[in-house]
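Chain by chain, the residues run as shown.
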Amino acid sequence: MSDWPRIQTVGLSGLLITFAAAMSEPANRAALSFRAAVDAQDWPEVKETSTSLVSTFLEVDLATTPAESMEERLRDLLQSQDWFSAPLPAGRTLWHVPTVYGTDLAPQLEEAARVAGVDPDAAIKEISTSRVRVLTIGFAPGQPYTGELSETWNIPRQQGLTKSVPACALVVAIRQLIVFTNDTPTGWRHIGQTLFKTFRPDKPKPFTLAPGDELLFPAISRAEYDEIKTKDTSGLGGATHEALT
Amino acid sequence: MSAHLTIQQAGPAMTLQDMGRPGYRAEGLTGGGAADRLALYEGAALLGQKPDLAAIEMAGSGGTFVADADIRIALTGAEMAANIDGEAVVWNASHLLSAGAKLTIGGARNGSYGYLHVGGGFDTPPVMGARSAHMACGIGGLLQSGESLPLGADKGRDVAMTLPKPDRFGGGRIRVVASMQTTAFTPETIDRFVTTTFRRDARANRMGVRMDFDGDGFATEEQLSIVSEVVVPGDIQVSGDGAPYVLMYECQTTGGYPRIAAVLPCDLPRVAQAQTGAEITFEFVEMAEAVALQARFEAELKSLPSRVTPLVRDPADIRDLLSYQLVSGAVSATANPFDEET
């Protein structure tokens, strides 16, 4: 662990604390927990903080704040505990997102199951009961990268791109699930369809999810999907949520 | 009633822009905002108001505009042919646009982005704390012909003011610092990167500007598999085709391509404004020098209002001489006008 975590400057825009060279649950946990700890320090030089899969980023104007002084404070904070086994931050939410698996709404369920080496029913059973965590948000506003699924789902992205997968699609690859914010060309396989909008710019709280939130994607029928589609005005597509304690 | 500016004919890529929408990176939304931030400061200095007001950003060419009241305007950024009711008006200056007069702004003569500022700024309803369109995220959109934009209250009076002509429109030398993956590139590749004369590619927008070049790409030594990492404006990422892209304010929040360097914020306006084909070279500077350069730039931004001077024109050429404010108030040489409540 001697190389990690690593502190680097990012242009003149801030500092990056990276916990590992590759995605892992402990490194993601460390990034989330360390961000919460930085936020709790309430340093006036820090304009905003964010996380990517295994890193915490602090936006700091390095033209007016010397990087060395920030690095020193960050090293002290890093040494204050073992971030890889830190409890996840408080104030997180568990979401239940109704999802139609397969059918013409999500045409790649069978293909994804075949690549993973399971039959489609087993695939639905496993994915609809797997509780995943928002590892990071990115690519599009509010768009969650969630995981990790079991090793069964360590499947690569397909070679070619699907020209357009619709917004609110549930897609899978490399042990992760994404719910798309917008219609997107992608190499991830489209296995489910939700009506769950992760970005609602017209709402007082435009981003539905925060990094560290957890999700379940329970299976619903096409009839239930159609009913939600007719009745839902919130943009959450029938999703319910509860506080995680 | 507030004044309105109506767009009679919209150019192909006009948007409302301001200093952007910070604070949402963790949720996947970059700040966005004007591609050439310096132009916002210039417009604010010319009109004697704050630089965070929204202006119209015009990529490549402008359009035609009519106001329903006498308003003040300023034109900054890439120079575009402009006239009011057929009479040519000077770029990089402020003007009176009388009610009903037609402002016509044509194609860019240099640079990529021209800006139309109004006294009081555009007063559209803010979305998440800003008025700027964020095209990549579907906030706002291209301004359309027929659209009428409300103006905020204008407390200033001066028009026919100008600033020294800026020179950031022809590409040139861009200062950079090392970035997250600079050391993943071989010394030979870095050496080639700083000795190559790049050309601004036609593939450029508010998200990023591709650098065109002759010869081999700038790949990392082994096919670098980096975990997706934070992206900031100014990052130079080397994508799959080996070409460097300078990422601009509307870039994504994270990216999986290696970053070879990061452009100093003070040199980003020069990257944004380089015209297609303009030659660009990159030069690494140490962090201490970068800090000094950026500090100097920020001091210059603060001094902009003190560099505003009256437009010198032959009064015989001025058709509407009597409509001008010919005597204006004294200014303080030491105050920072951006700090004043205007």
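Worth saying up front: this structure is predicted, and the values here are computed from it rather than measured.

1. Some details on the nonpolar core
Ranked by size, the top nonpolar core spans 168 residues in total, and within it A:Val171, B:Val176, B:Val246 and B:Val263 carry the most contacts. Each residue touching B:Val263, except ones within four places of it in the same chain, is listed here: B:Ile174, B:Val176, B:Gly234, B:Ile236, B:Val246, B:Leu268 and B:Val271.

2. Section: the interface of chain A and chain B
Taken together, the contacts link 36 residues of chain A with 34 residues of chain B. For the side of chain A that touches chain B, the elements supplying multiple residues, two or more each, are strand E1 (6-10), strand E3 (46-51), strand E4 (55-60) and strand E7 (132-137) of chain A. Counting residues per element, the side of chain A that touches chain B draws most heavily on E3(A), at 5 residues. Of the residues assigned to the side of chain A that touches chain B, the class counts are 20 nonpolar, 14 polar and 2 charged.

3. Some thoughts on the environment of B:Gly156
Residues and elements named next belong to chain B. Relative to the helices and strands, Gly156 resides in the loop between strand E11 (148-150) and strand E12 (161-162). Residue classification places Gly156 among the partly exposed residues on the basis of 16 C-beta atoms within 10 Å. When the C-alpha positions of Gly156 and Val127 are compared, they lie 26 Å apart, and in sequence the two are 29 residues distant.

4. Re the domain arrangement of chain A
All names here are of chain A. Per the domain assignment, the segments making up chain A are domain 1 (6-85) and domain 2 (93-243). Between the C-alpha centres of domain 1 and domain 2 there is a distance of 29 Å. Taken together, the contacts link 6 residues of domain 1 with 6 residues of domain 2.

5. So, the domain arrangement of chain B
Residues and elements named next belong to chain B. Looking at the assigned domains, one finds that chain B contains domain 1 (4-167 + 312-339) and domain 2 (172-298). Every contact between the two is made by 20 residues of domain 1 and, on the other side, 13 residues of domain 2. Across the side of domain 1 that touches domain 2, the residue classes break down as 7 nonpolar, 10 polar and 3 charged.

6. Some remarks on the sheet that holds strand E2 (residues 14-18) of chain A
Residue and element names in this part refer to chain A. Read across the sheet, 4 strands follow the order E1-E2-E4-E3 without closing on themselves; strand pairing throughout is antiparallel. On the outer flanks of this sheet lie E1 and E3, each paired with one strand and no other. Direction aside, neighbouring strands of the sheet carry axes that sit 20° apart on average. Pairing analysis gives 5 bridges linking E1 to E2, with the strands arranged antiparallel. Bridge assignment links Ile7 to a residue of E2, and that residue is Ile17. Running at roughly 30° to E2, helix H2 (residues 67-79) makes contact with E1, E2 and E4 of the sheet.

7. With respect to the pairing of strand E21 (residues 279-284) of chain B
All names here are of chain B. Two elements, strand E13 (residues 172-177) and E21, share 5 bridges in a ladder whose sense is parallel. Among the inter-strand pairings, Arg173 is bridged to a residue of E21, identified as Thr281. Judged from the 2 bridges that link them, strand E14 (residues 198-204) and E21 form a sheet pairing that is antiparallel. Along E21, the bridge assignment pairs Arg199 with Glu279.

8. Considering the sheet that holds E11(B)
Residue and element names in this part refer to chain B. Reading across from one edge, E7-E6-E9-E4-E1-E11 is the order of the 6 strands in this open sheet, with antiparallel pairing throughout. A single partner strand is all that each edge strand has here, and the edge strands are strand E7 (87-88) and E11. Relative to strand E9 (residues 102-108), strand E6 (residues 80-84) runs antiparallel, the two being bridged by 4 bridges. Residue pairing across strands places Ile84 opposite Leu103, the latter belonging to E9.

9. Topic: the confidence of the model for chain B
Averaged over all residues, the pLDDT of chain B is 91; the fraction at 70 or higher stands at 89%. The complex model carries a pTM of 0.89, and its ipTM stands at 0.89.

Cut-offs applied
- The numbering scheme is per chain: residues are counted from 1 as the chain's sequence reads.
- Naming scheme: in the order in which they are written, chains are lettered from A and ligands are numbered from 1.
- Only residues with pLDDT of at least 70 get local features here, since the model is predicted, and only at 80 or more are side-chain atom pairs given and counted; chain-wide, interface and lining totals rely on the full set of residues.
- Here, a nonpolar core denotes buried Ala, Val, Leu, Ile, Met, Phe, Trp, Tyr and Cys residues that are linked to one another through C-beta atoms within 7 Å.
- Put plainly, a residue is buried at 20 or more neighbouring C-beta atoms within 10 Å of its own, exposed at 12 or fewer, and partly exposed in between, counting only other residues' C-beta atoms, which are placed from the backbone.
- What counts as a contact here is a pair of residues whose C-beta atoms, placed from the backbone, lie within 7 Å.
- Every helix listed is a DSSP run of H or I at least four residues long, and every strand listed is a run of E at least two residues long, numbered separately from the N terminus.
- Under the scheme applied here, ten amino acids are nonpolar (Ala, Val, Leu, Ile, Met, Phe, Trp, Tyr, Cys and Pro), four are charged (Asp, Glu, Lys and Arg), and all others, including Gly, are polar.
- An automatic or database domain assignment provides the domain bounds reported here.
- Two strands are said to pair when DSSP picks up at least two bridges between them.
- In this analysis an axis means a line fitted to C-alpha atoms, helices contributing only their contacting stretch, and an angle means the value between N-to-C directions, from 0 to 180 degrees.
- A residue's pLDDT is the predictor's confidence in that residue, given on a scale from 0 to 100.

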